[in-house]
Amino acid sequence: MLLRGVIASSALAAMAAAESYKETYRPQFHFSPEKNWMNDPNGLLYHDGVYHLFYQYNYGGITWGNMSWGHATSKDLTHWEQLPIAIKANEDASGALTEMIYSGSAVFDSKRSSGFGSKSKPPLVAVYTSNYEQDITLANGKAVLNGQESQSIAFSTDNGLTWTQYAENPVIHEPPSQYADQYQQFRDPFVFWHAETTKWVMVVSLADLHKLLIYTSSDLKDWTNVSEFGPVNAVGGQWECPNLFPLLVDGKRNAEKWVMMIGINPGGPAVPYRLGSATQYVVGGFNGTHFTADSNNVYEQEPPSNSEVFADWSQSTFAAAGWTATGDLVGQGPEDGTVLTLQDGDATVGTLTSPTFRISSNYVIYQFGCCYNPYNATTYGTASDTETAMNLVVNGAVVRTTTGVSGGDVIWEQWDTSDLIGKSGYIEIVDKSTGGYGHLQVGQILFSNSSLPPEANWVDHGPDYYAAATYNGLSTYERVSVGWMSSWAYGAEIPTTPWRSAMSVPRLMTLKTISGAAKLVQQPQMNLASLEKTKPYSKTWSNLSKQNVTLPVTGKLFDITLQFTPVSGKFGIDVRTDGKTQRTSIGYDPAKATMFVDRQASGDVEFSTSFPGVYYGPLSKQKDGSVKLRILLDWSSVEVFGNVGESVITAQIFPSSADTKLALFSTGTAKNVSLKVTPVTSAWV
Ligand code: FRU
């Protein structure tokens, strides 16, 4: 008891952490809250030598709810201390929620433009989305509706420990009048100081419209909408959590460009059927009011011009197109160049089967729209089949399948069929669903040897990097980002307790010219050296051909660098393997010029059908022909940085505790292999 009085609260927190941060799957050098649910990083601010990390937090449970801003701080982006909740959701007298505190950002208002604080204590100001939970009139007389999203502010004069919500909130009550109907989809303000125009700038999302609104202000209270940006590039889900910041291309003075970073959910490329969350970026210019994308950063989704048309639905009946119909589709035909199974509303059921063909191209490219009812091997072809899917069938087995996004647009997608070349098969379009969202829409189907052009610049090609935000308060061109290391596709189901979700490692973002264009490049930005206490294991091989090499090191926490010259076949490293059935494979495929992470057999993958998968990040060889993979392995994640960091894959894994082996694999030939495996210790001790 006596002791308690004299130990500083931070020391107590550190002691609690040391005891509790040892649970199965507990991240050891990533931030995770001691208990309960966390999602987006919020209010990233470097101030007075301290990195503040606020985050979407449920103080009352291990799934999403009661959204408030949790708080942690660090001096080195490596060791974190969790502090009390910073901005708490508001409740009425009966204890029912009136307002949740959604994502946003924070700034240091050094000149007290807001009038908050005092001369000796200028305020930190947080700008966030109020998500109202009831139709109410606030104490200041402003009326808000249940589900309404407005922008609000709060200030702190004790370095972010406690916050006062502004009495006149919200400061942006609703979107501009032309978007009035979007009042429930208007969120995630990112605010920064724009020195050239001496104004605060806010970027905030109209999530459903794929539009970002830009506002400016002199005092953080009175905001004027000055422009908008979007839609552009990936739009297969909602746009959330925008960030806008300047960087120097190749570090050269006078080569400033601006990066717009945008969360999209669903619609990410990694999780099957595009169910995942992801982060895209657009490089361009910003003049204080308008963001303009560089023309080489705006992509049109068009199939390769040399594609062969397999179906374009220009005929009046499916039979005339050569497809065999069953069920309600018998005697029917295409509509406006698509198959749309709404003849009898969502109740329509039936199949369309193509003529058999010999697979002779690398890709089948097609357009697919609503709805989400995936193929299920167990119910397929039975009376319980409820799929709305398109399947490629070879030797009687479904070898490729796709389904849509409920309510989603018809978009271009592809199957890589390069490993099926020479085989015969057919395509079937199956609608067995009768409920709401029980139809499908298929447009053109093409064969091509080239893949679809890129749809977007992905900040991370893995499944677990979302709502990424960047630090305010560092020097102008120093940008450090943190992402939520999970996905809305399965985030509520991951097998961790008593907490759910971790943040990615902080990453330094720069722009480098690669293949003639300015590309976002990332590297871990933390003091890993402070956690590296034992000697690394290093070894070189001049040639590794078709062989697996079990390494004489085992462990669950590593900083690994693997550099090699790929010649043929796949080459890489298995981590958290038992040498038999469990592994997370991280490697490079020269035939596709991609690095990859395969977590299909990584341990517990059963908790969600969306979890297992293989993720690919485009990566060309470096000038000397080599490829470099830097891998950060924590107890429940891998982050892979390709070459200088132009391609990144982040993926959670939940391996069994006993399996800690490392092994190199090679299905072809890799030369000049050099490996360095540095053991890392926990940041929580
Ligand atoms: C993104 C997001 C934000 C929102 C927050 C709510 O993950 O949906 O748009 O502000 O989470 O927790």
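Everything quoted here is computed from the prediction, not taken from an experiment.

## Comments concerning the pairing of strand S43 (residues 594–598)
Within a regular strand, side chains alternate between the sheet's two faces. Most of S43 sits out of view: 4 of its 5 residues are buried. Note: strand S42 (residues 584–589) against S43, 5 bridges, orientation antiparallel. Across the sheet, the residue bridging to Tyr-588 is Met-595, located in S43. Between the end of S42 and the start of S43, which pair antiparallel, lie 4 residues, with Ala-593 showing a positive phi angle near 50°.

## A closer look at the sheet that holds strand S15 (residues 224–229)
Through backbone hydrogen bonds, the strands of a sheet pair up, either in parallel or in antiparallel fashion. If you walk across this open sheet you meet the 4 strands as S12-S13-S14-S15, and the pairing is antiparallel. Pairing within the sheet leaves two strands with one partner each, and these edge strands are strand S12 (186–194) and S15. Strand-to-strand, the axes of this sheet are offset by a mean angle of 25°, without reference to chain direction. Sheet topology places strand S13 (residues 199–206) next to strand S14 (residues 211–217); 7 bridges connect them, and they run antiparallel. In the strand pairing of S14, Val-203 is matched with Ile-214.

## Re the site of the ligand
Close to the ligand lie Asn-39, Asp-40, Gln-56, Trp-64, Met-67, Tyr-102, Ser-103, Arg-187, Asp-188, Glu-240, Tyr-466 and Trp-488, which account for all nearby residues. Ser-103 places a main-chain nitrogen or oxygen 3.2 Å from an oxygen atom of the ligand. For the ligand, an oxygen atom lies 2.8 Å from a polar atom in the side chain of Arg-187. Among the secondary structure elements, those contributing two or more residues to the shell around the ligand are strand S1 (36–47), strand S6 (97–108) and S12. Class assignment of the residues belonging to the shell around the ligand gives a composition of 5 nonpolar, 3 polar and 4 charged.

## Re the environment of Ala-72
Mapped onto the secondary structure, Ala-72 falls in strand S3 (residues 67–74). Through-space distance from the C-alpha of Ala-72 to that of Tyr-465 is 19 Å; in sequence the pair is 393 residues apart.

## Concerning the domain arrangement of the protein chain
For interface size, the figure often reported is the accessible area lost on association. Split into domains, the protein chain comes out as domain 1 (11–299 + 458–511), domain 2 (308–448) and domain 3 (527–679). Each of domain 2 and domain 3 was reduced to a C-alpha centroid, and the two centroids are 36 Å apart.

## Regarding the side chain of Asn-36
Inspection of the secondary structure puts Asn-36 in strand S1. Residue classification places Asn-36 among the buried residues on the basis of a relative accessible area of 10%.

## Quick word on the environment of Ile-262
Here Ile-262 shows up in strand S17 (residues 256–268). A residue is classified by how much of its surface remains accessible, and Ile-262, at 0% relative accessible area, is buried. Beyond its immediate chain neighbours, meaning those up to four positions away, Ile-262 contacts Leu-212, Phe-229, Trp-239, Glu-240, Cys-241, Ala-278, Thr-279, Gln-280 and Val-282.

## So, the sheet that holds strand S35 (residues 499–500)
If you walk across this open sheet you meet the 5 strands as S4-S3-S2-S1-S35, and the pairing is mixed. With one partner strand each, in any of the chains shown, strand S4 (80–87) and S35 form the two edges of the open sheet. Inspection of the sheet shows S1 paired to S35 by 2 bridges, in the parallel sense. Paired with Asn-36 across the strands is Trp-499, a residue of S35.

## Describing the packing of aromatic side chains
Following the criterion strictly, the structure yields 39 aromatic pairs and no others. Summarising the aromatic geometry, the rings of Phe-31 and Trp-80 are spaced 6.1 Å apart at their centres and angled 65° between planes, so their arrangement reads as edge-to-face. Taken together, the positions of Phe-31 in the loop between helix H2 (9–20) and S1 and Trp-80 in strand S4 put the pair 49 residues apart, joining distant regions of the chain. There is no split in this pair, since Phe-31 and Trp-80 are both buried. Here a set of aromatic residues connected by ring pairs shows up, and it is made of Tyr-21, Phe-31, Tyr-55, Tyr-57, Trp-80 and Trp-684.

The rules behind these values
- Residues numbered from 1 in each chain as written.
- Predicted model: local features only at pLDDT ≥ 70, side-chain atom pairs only at ≥ 80, totals over all residues.
- Heavy atoms only, no water.
- Buried < 20%, exposed > 50% of the residue type's maximum accessible area, 1.4 Å probe, protein only.
- Helix = DSSP H or I, 4+ residues; strand = E, 2+ residues; numbered from the N terminus.
- Pairing = 2+ DSSP bridges.
- Axes fitted to C-alpha atoms, helices over the stretch in contact; angles between N-to-C directions.
- Near = heavy atom within 4 Å.
- Polar contact = N/O pair within 3.5 Å; in protein donor to acceptor, adjacent residues only side chain to side chain.
- Nonpolar A, V, L, I, M, F, W, Y, C, P; charged D, E, K, R; others polar.
- Domains from an automatic or database assignment.
- Contact = heavy atoms within 4.5 Å.
- Phe/Tyr/Trp six-rings, centres within 6.5 Å; stacked < 30°, edge-to-face > 60°.

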